[in-house]
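# Coordinate analysis (summary)
Below, each chain spelled out in residue letters.
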Amino acid sequence: QVQLVESGGGLVQPGGSLRLSCAAASGFTFRMYDMNWYRHNPGKEREWVARITWFHEVATYATSVEGRFTISRDDNNNTMYLQMNNLKPEDTAAYYCNADPAGRMWATYWGRGTQVTVSS
């Protein structure tokens, strides 16, 4: 079972910034996976936040975060990032990273999440 470990969550005031990381275990073919960030609040549906492809590192964002969040990846260190700026209370959620095999017959993997709380 591949381990994806998120970190960097915490409590921040509205307008503040956080940088989330998602680290994958060594030996995992991280560079061949599309990587996603999702977020979830209890009682609500899971929401896709951002994606970065393995090929050409194309980034796409949910409308709710575009212009404020930036997704990136470091394939040499098996790590993905989410820079979150100008945070709003509605960004409060548990954030999860996801490894998507991009159409290959491989498994999909999830981390256990990191909590982000935006509050004054």
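Check the entry above for the structure.
In this text the structure is predicted, and so the values were computed from the model without any measurement. (Residues numbered from 1 in each chain as written. Predicted model: local features only at pLDDT ≥ 70, side-chain atom pairs only at ≥ 80, totals over all residues. Heavy atoms only, no water.)

What follows deals with the packing of aromatic side chains. Any pair of aromatic rings gets described here by the distance separating the centres and the angle formed by the planes. This structure, assessed with the given rule, holds 6 aromatic pairs. Arranged with centres 4.6 Å apart and planes meeting at 40°, the rings of Phe28 and Tyr33 form a pair that is tilted. For the pair shown, Phe28 and Tyr33 are each scored as buried. Through pairs of rings, three or more aromatic residues link up here, namely Phe28, Tyr33, Trp106 and Tyr109. Its end group placed over the ring of Tyr81, Arg19 keeps NZ or CZ at 3.9 Å from the ring centre. (Phe/Tyr/Trp six-rings, centres within 6.5 Å; stacked < 30°, edge-to-face > 60°. Buried < 20%, exposed > 50% of the residue type's maximum accessible area, 1.4 Å probe, protein only. Lys NZ or Arg CZ within 6 Å of the ring centre and 35° of its normal.)

This part takes up the nonpolar core. The biggest cluster of nonpolar side chains holds 31 residues, and the ones touching the most others in it are Leu4, Phe28, Trp37, Met80, Leu82, Met84 and Tyr95. Elements represented by at least two residues in this core include exactly β3 (18-24), β4 (34-40), β5 (47-52), β7 (69-74), β8 (79-84), β9 (93-100) and β11 (114-118). Phe28 has contacts with Val2, Leu4, Tyr33, Asn78, Ala99 and Tyr109, leaving out every residue within four places of it along the chain. (Core = buried A, V, L, I, M, F, W, Y, C linked by side-chain atoms within 4.5 Å. Helix = DSSP H or I, 4+ residues; strand = E, 2+ residues; numbered from the N terminus. Contact = heavy atoms within 4.5 Å.)

Looking now at the sheet that holds strand β1 (residues 4-7). Strands belonging to one sheet form pairs held by backbone hydrogen bonds; the direction of such a pair is parallel or antiparallel. In spatial order, the strands read β1-β3-β8-β7; together these 4 strands make up an open sheet with antiparallel pairing. Of all the strands in the sheet, the pair left with one neighbour each is β1 and β7. Looking at each pair of strands side by side, their axes are set apart by 15° on average, direction ignored. Relative to β8, β7 runs antiparallel, the two being bridged by 6 bridges. Note that in β8 the partner of Thr70 across the bridge is Gln83. (Pairing = 2+ DSSP bridges. Axes fitted to C-alpha atoms, helices over the stretch in contact; angles between N-to-C directions.)

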